[in-house]
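Single-letter residue listing:
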Amino acid sequence: MKSWLYVIAGVVLVLVGLLWVLQGLNVIAGGFMSGQTVWFAIGLLVALAGVASLYTGMRRRTTARR
């Protein structure tokens, strides 16, 4: 897989994960996920997966340039 795909996937996962964390904490209200701690936990896991994907993509980009 190309390194830029890891970066794009990482950004999307981090943004979705943060949205779910905020909904789980009831900062963003109005949906079925609001105030549910399970969505806070799922959001954290998704955001961490996004950070790992970003790290992998950025690391591949720097090693490919050498």
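Residues numbered from 1 in each chain as written. Predicted model: local features only at pLDDT ≥ 70, side-chain atom pairs only at ≥ 80, totals over all residues. Heavy atoms only, no water.

J.: Honestly, the overall build of the protein chain in this entry has me stumped. Any pointers?
T.: Each helix and strand in the protein chain was counted, giving two helices and zero strands. Looking at the 66 residues of the protein chain, the share that counts as buried comes to 24%. Surface exposure of the protein chain reaches about 4600 Å², of which carbon and sulfur atoms provide 71%. (Helix = DSSP H or I, 4+ residues; strand = E, 2+ residues; numbered from the N terminus. Buried < 20%, exposed > 50% of the residue type's maximum accessible area, 1.4 Å probe, protein only. Areas by Shrake-Rupley, 256 points an atom, 1.4 Å probe, with all protein chains shown as cover.)

J.: When you look at unusual backbone geometry in this model, what are you seeing that I'm missing?
T.: Most peptide bonds take the trans form, and the phi angle of most residues other than glycine is negative. Of note in the backbone geometry, N26 takes a positive phi value of approximately 65° without being a glycine. Using a relative accessible area of 44% as the deciding quantity, one classes N26 as partly exposed.

J.: Looking at this structure, how should I read a nonpolar patch on the surface?
T.: Residues W4, L5, I8, V12 and V16 make up a contiguous nonpolar surface patch of roughly 420 Å² in combined accessible area. By the secondary structure assignment, W4 is in helix α1 (residues 3–24). (Patch = residues over 30% accessible without salt bridge, like charges linked within 9 Å, V, L, I, M, F, W, Y side chains within 5 Å. Salt bridge = Lys/Arg side-chain N within 4 Å of Asp/Glu carboxyl O.)

J.: It is not clear to me how the side chain of S34 should be interpreted in this structure. Could you clarify?
T.: Structurally, S34 is set in the loop between α1 and α2 (37–64). Within polar-contact distance, the side chain of S34 engages the backbone oxygen of I28 at 3.1 Å. Beyond its immediate stretch of four places on either side in the chain, S34 contacts Q23, N26, I28 and A29. (Polar contact = N/O pair within 3.5 Å; in protein donor to acceptor, adjacent residues only side chain to side chain. Contact = heavy atoms within 4.5 Å.)

Structural measurements only, silent on function.
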